[in-house]
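The residues making up each chain are set out below.
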Amino acid sequence: MTIRPESLTVPSTGILDDARRRDDLDPLTQYARGFATDGATHLNGNSLGPPRESLAGELDRVVTAQWAPRQVQAWFRDGWLDLPRTVGDKLALLLGAGPGQIMVAGETTSTTLFNALVAACRLRPDRPVLLIEAESFPTDLYIASSVARLLDRELVAESRTGFDAYLREHGQQVAAALAAPVDFRTGERREIRPTTALCHASGALSVWDLSHAAGVLPVDLDANAVDLAVGCGYKYLGGGPGAPAFLYLPVRFQSTVDFPLTGWHGHARPFEMGPAFEPATDIEQARTGTPPLLSLAALNHALAPLVEVGIHALHQRTRELSEFFLECLAERDPELLRCLASPREADRRGGHLALRVPDADAVERALADSGVHVDSRPPDLIRFAFAPLYVTHEQVWRAVDALGRALEGLR
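Residues numbered from 1 in each chain as written. Predicted model: local features only at pLDDT ≥ 70, side-chain atom pairs only at ≥ 80, totals over all residues. Heavy atoms only, no water.

- An unreviewed UniProt entry annotates the chain as Kynureninase of Nocardia ninae NBRC 108245.
- As recorded by UniProt, the Sequence similarities (unreviewed entry) comment attached to the chain reads in full: "Belongs to the kynureninase family."
- Quoted verbatim from the Cofactor (unreviewed entry) field of UniProt, the annotation for the chain is "pyridoxal 5'-phosphate". (UniProt positions renumbered as here; feature names shortened; annotations may be inferred.)

This is the structure we're talking about:
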C-alpha cells in the first residue's frame, strides 16, 4: 500500500495551531506514535534515530522462537540464510530497483564502498583515474584514497562544480566517479541522472553513496542507469546502531563484476566448501561471510512501514516538514533565515537543512537539554533532519522555539 498525503493547505490562527492542524490532516502522522522517542524530538540526521516500539518484541521473537529452539537449523527453516537478499529486495522498492539487484551482505558502509569501488575500477582496467567530489563524506574520501593506492590509480578530488567539468573534459581517463545525491553537510542535491549520463558519455562508471538519500529521496536506480551504489542501513532507514550497509549491482554487470571481497557466502555453491572461489552468477556474489542476523532482523523490521508508505509519500512528507521549519524560523526570528546554509528551494535539497551559527556545538548541547536532538558539523553548521515517519509538525515548531531560546541564551 502506498499512502499519499493530500496537499495540506490550512488557514493559520497561530503557527502552533497550524502545526497541530497539519498533523491532524496528514495520515502519516499516525506512524509517529509507533516510535520509542521517550518524548524527545529527533532531528539529528537520523544516524541513530528512535526504534519502533515493536522492535524489542520482534528481536525477542527471533531469539526465543527461532534461535533458541532451532539454533543452526534456523538459518534454513526461518529464512535467515535468505535475509540479506530479502532485505535487499525490500530496499529495492524504496530505491527504484528491480528484484535481485540489492544485497545487504552484513558489512559496514566502509567495507561495502571498498568492494564497490574496487569492482568498478576492475571493470575499467585501462583507465587511470578514480574521481571523487572533494566535499564528500570523510569515509568516502578515505576509502577512495585507499583504493587508488591499492590499484595504482590516480585519485582526483574535484569541487562540486569541477566534478562535472572534469567528466566532460577528461572522462575518457576516468574508471569510476563517486558522488552522493545529497551533500552531508548542507543537504544540497546532486541530480543522479545527468551526472550518470556524463559518466556514460565517456565510458566511465558511476558509483553513488546513497547514505543521506535512501528512505527519504527517490533515487530511481534502474531508471537512471546507475552502475553501482551503496548506502548505510541507519539514518533514514532506521536500522539502528551499526545497521549493515547495502550494495546495488544491476543485472547487466552481474556476469562480469569481480569483487575483491570473496567470502564463502558469495560462492556459487557455498556448502560444497571447495578450495577455489567460484562466484555466484547473480547478486549473491555480493555476499561475504556469515551475516549479523540480529542486525539484519532489526533493519528488516525498520523497513516495513517505509515500504508500506512508499518513497514518494515519504519524500513529500519530508519536504513539508522542512518547509514548515523555514516558516517557523521566519515567524520566530526572520534573521535566522539568513543563517540558512542549505538551498532555499525544496527541489534542491535532500532530507535535512543546515544553519550556520556561532558555537554550533554549544547550540547542539543546549537543544539536547531541551529534548531536541540535532547534530553539528565543523566549523559552524547545525543540521536538522526530517525523518518522515516519526517527526511531526508540532515537533518542528518546538524545535525552532528551542533553537531561538538557545541562541538567545548564548548571545
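Here the narrative resumes.
## Considering the pairing of strand E4 (residues 154-158)
Here is step 1: Examined bridge by bridge, strand E3 (residues 129-133) and E4 share five bridges and lie parallel to one another. By the bridge assignment for E4, glutamate 133 is matched with glutamate 158.
Here is step 2: Handedness of the crossover joining E3 and E4 through helix H7 (residues 138-151): right-handed. (Pairing = 2+ DSSP bridges. Helix = DSSP H or I, 4+ residues; strand = E, 2+ residues; numbered from the N terminus. Right-handed = clockwise from strand over helix to strand, strands pointing away.)

## Side note on helix H8 (residues 160-170)
Here is step 1: Every buried residue of H8 is accounted for by Arg160, Gly162, Phe163, Asp164, Tyr166 and Leu167.
Here is step 2: Turning to H8, the residues buried within the fold contact E3, E4, strand E5 (174-179) and helix H9 (192-202). (Buried < 20%, exposed > 50% of the residue type's maximum accessible area, 1.4 Å probe, protein only. Contact = heavy atoms within 4.5 Å.)

## A few points about the domain arrangement of the chain
Here is step 1: Domains assigned within the chain are domain 1 (15-54 + 310-410) and domain 2 (81-309).
Here is step 2: For domain 1 versus domain 2, the separation of C-alpha centres amounts to 29 Å.
Here is step 3: Domain 1 puts 34 residues into the contact, and the matching count from domain 2 is 30 residues.
Here is step 4: Regarding the contact of domain 1 and domain 2, the summed buried area is about 2600 Å², with carbon and sulfur atoms giving 60% of it.
Here is step 5: At the boundary of domain 1 with domain 2, the tally comes to one salt bridge.
Here is step 6: The salt bridge involving glutamate 188 is made with arginine 348; its shortest N-O contact spans 3.4 Å.
Here is step 7: Across the domain 1-domain 2 interface, the total number found is 16 residue pairs in polar contact (both at pLDDT 80 or more).
Here is step 8: Among the elements that make up the side of domain 1 that touches domain 2, the one with the highest residue count is helix H11 (residues 311-332) (six residues). (Domains from an automatic or database assignment. Buried area = accessible area lost by both parts, 1.4 Å probe. Salt bridge = Lys/Arg side-chain N within 4 Å of Asp/Glu carboxyl O. Polar contact = N/O pair within 3.5 Å; in protein donor to acceptor, adjacent residues only side chain to side chain.)

## Comments concerning H7
Here is step 1: Along its 14 residues, H7 runs 20 Å from first to last C-alpha, staying within 8% of the 20 Å computed at 1.5 Å per residue.
Here is step 2: Among all positions in H7, only Asp140, Ile143, Ala144, Val147 and Ala148 are buried. Projected down its long axis, H7 shows its buried positions confined to an angular sector of 140 degrees, all on one face. Every exposed residue of H7 that faces more than 90 degrees away from the buried side is listed here: Tyr142, Arg149 and Leu150.
Here is step 3: Directly beyond the C-terminal end of H7, a positive phi value near 55 degrees is found at aspartate 152. (Expected span 1.5 Å × (residues − 1). Arc of directions from axis to C-beta.)

## A look at a nonpolar patch on the surface
Here is step 1: Taken together, the side chains of Phe76, Trp264, Phe271 and Met273 define a hydrophobic patch exposed on the protein surface, amounting to about 450 Å² of accessible area.
Here is step 2: Relative to the assigned elements, phenylalanine 271 resides in the loop between strand E8 (246-248) and helix H10 (293-309).
Here is step 3: A relative accessible area of 47% means that phenylalanine 271 is categorised as partly exposed. (Patch = residues over 30% accessible without salt bridge, like charges linked within 9 Å, V, L, I, M, F, W, Y side chains within 5 Å. Areas by Shrake-Rupley, 256 points an atom, 1.4 Å probe, with all protein chains shown as cover.)

## Section: the sheet that holds strand E12 (residues 381-385)
Here is step 1: In spatial order, the strands read E9-E12-E11; together these three strands make up an open sheet with antiparallel pairing. On the outer flanks of this sheet lie strand E9 (352-356) and strand E11 (375-377), each paired with one strand and no other. On average, each strand axis in the sheet is inclined to that of its neighbour by 30 degrees, with strand direction left out of account.
Here is step 2: Packing of helix H12 (residues 360-369) onto the sheet brings it into contact with E11 and E12, and relative to E12 it is tilted by some 40 degrees. (Axes fitted to C-alpha atoms, helices over the stretch in contact; angles between N-to-C directions.)

## Comments concerning the side chain of serine 342
Here is step 1: As for its placement among the helices and strands, serine 342 is situated in the loop between H11 and E9.
Here is step 2: Of the polar contacts made by the side chain of serine 342, one reaches the backbone oxygen of threonine 186; its length is 2.5 Å.
Here is step 3: Leave out the neighbours within four places in its chain, and serine 342 touches Thr186, Arg349, His352, Leu353 and Ala354.

## A look at the sheet that holds strand E7 (residues 228-231)
Sheet strands pair by backbone hydrogen bonding; their relative direction is either parallel or antiparallel.
Here is step 1: On the basis of which strands lie adjacent, the open sheet formed by seven strands has the order E2-E8-E7-E6-E5-E3-E4 and mixed pairing. The sheet is open, and its two borders are formed by strand E2 (102-103) and E4, each paired with just one other strand.
Here is step 2: Pairing between E2 and E8: two bridges, direction antiparallel. Paired with methionine 103 across the two strands is leucine 247, which belongs to E8.

## Here's the deal with the pattern of salt bridges
Here is step 1: Under the counting rule described, the total for this entry stands at 31 salt bridges.
Here is step 2: Across the pair glutamate 327 and arginine 22 runs a salt bridge whose closest N-O atoms are separated by 3.2 Å. With glutamate 327 in helix H11 and arginine 22 in helix H1 (residues 15-25), the pair connects residues that are 305 residues apart, well separated along the chain.
Here is step 3: The residue arginine 319 makes a salt bridge to aspartate 347 at a minimum N-O spacing of 2.3 Å. A residue pair is termed long-range when its members are at least 10 positions apart, and arginine 319 in helix H11 and aspartate 347 in the loop between H11 and E9 qualify at 28 residues.
Here is step 4: By relative accessible area, arginine 319 is classed as partly exposed at 26%.
Here is step 5: Linked through salt bridges whose partners overlap, the residues forming this network are Arg85, Asp282, Glu284 and Arg287.

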